[in-house]
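# Commentary on secondary and tertiary structure
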Amino acid sequence: MSARIYQRPKNAMQSGKALLDQWVLEFEPAEAKKPDPLMGWAGSGDMKQQLQLRFATAEEAKAYADRYGIAVEVHATPPRRLKIQAYADNFR
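Let me begin by describing the structure that accompanies this report. Not measured: the values here are computed from a predicted model.

### A few points about the sheet that holds strand S6 (residues 71-74)
- Read from one edge to the other, the open sheet built from four strands follows the order S5-S2-S1-S6, with strand pairing classed as mixed. The sheet terminates laterally at strand S5 (52-55) and S6, the two strands that pair on one side only. Recorded for the sheet is a direction-independent mean angle of 25° between the axes of neighbouring strands.
- Taken together, the four bridges between strand S2 (residues 23-27) and S5 define a ladder with antiparallel strand orientation. The partner of Val24 across the bridge, within S5, is Arg54.

### Side note on the nonpolar core
- Membership of the largest hydrophobic core is limited to eleven residues, which are Ala3, Ile5, Trp23, Leu25, Phe27, Leu53, Phe55, Ala58, Ala61, Ala65 and Ile70.
- Sorting the residues of this core by element identifies strand S1 (2-7), S2, S5 and helix H1 (58-67) as the ones contributing at least two each.
- Setting aside its immediate chain neighbours within four residues, Leu53 contacts Trp23, Val24, Leu25 and Tyr64.

Conventions we followed
- Residues numbered from 1 in each chain as written.
- Predicted model: local features only at pLDDT ≥ 70, side-chain atom pairs only at ≥ 80, totals over all residues.
- Heavy atoms only, no water.
- Pairing = 2+ DSSP bridges.
- Helix = DSSP H or I, 4+ residues; strand = E, 2+ residues; numbered from the N terminus.
- Axes fitted to C-alpha atoms, helices over the stretch in contact; angles between N-to-C directions.
- Core = buried A, V, L, I, M, F, W, Y, C linked by side-chain atoms within 4.5 Å.
- Buried < 20%, exposed > 50% of the residue type's maximum accessible area, 1.4 Å probe, protein only.
- Contact = heavy atoms within 4.5 Å.

Now the structure itself:
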């Protein structure tokens, strides 16, 4: 059983920064998805794919994974780059 720990990226479609400080522990898929014969929807019998655990810090997420014997891979948060420009720059 393996998982990854990451911090949520900012949604490009919204300007708000809610829930960006949370760290998420997400399990890797144990089996491939296959189409349902009747409806054609993709699905699998892996219930852990539906599970997302949220923590305040990366250390809390690592401690949880260690306590339950989950192999984790921590993905660092990329730095946020701001492009500062004035509205008038659109017309130059």
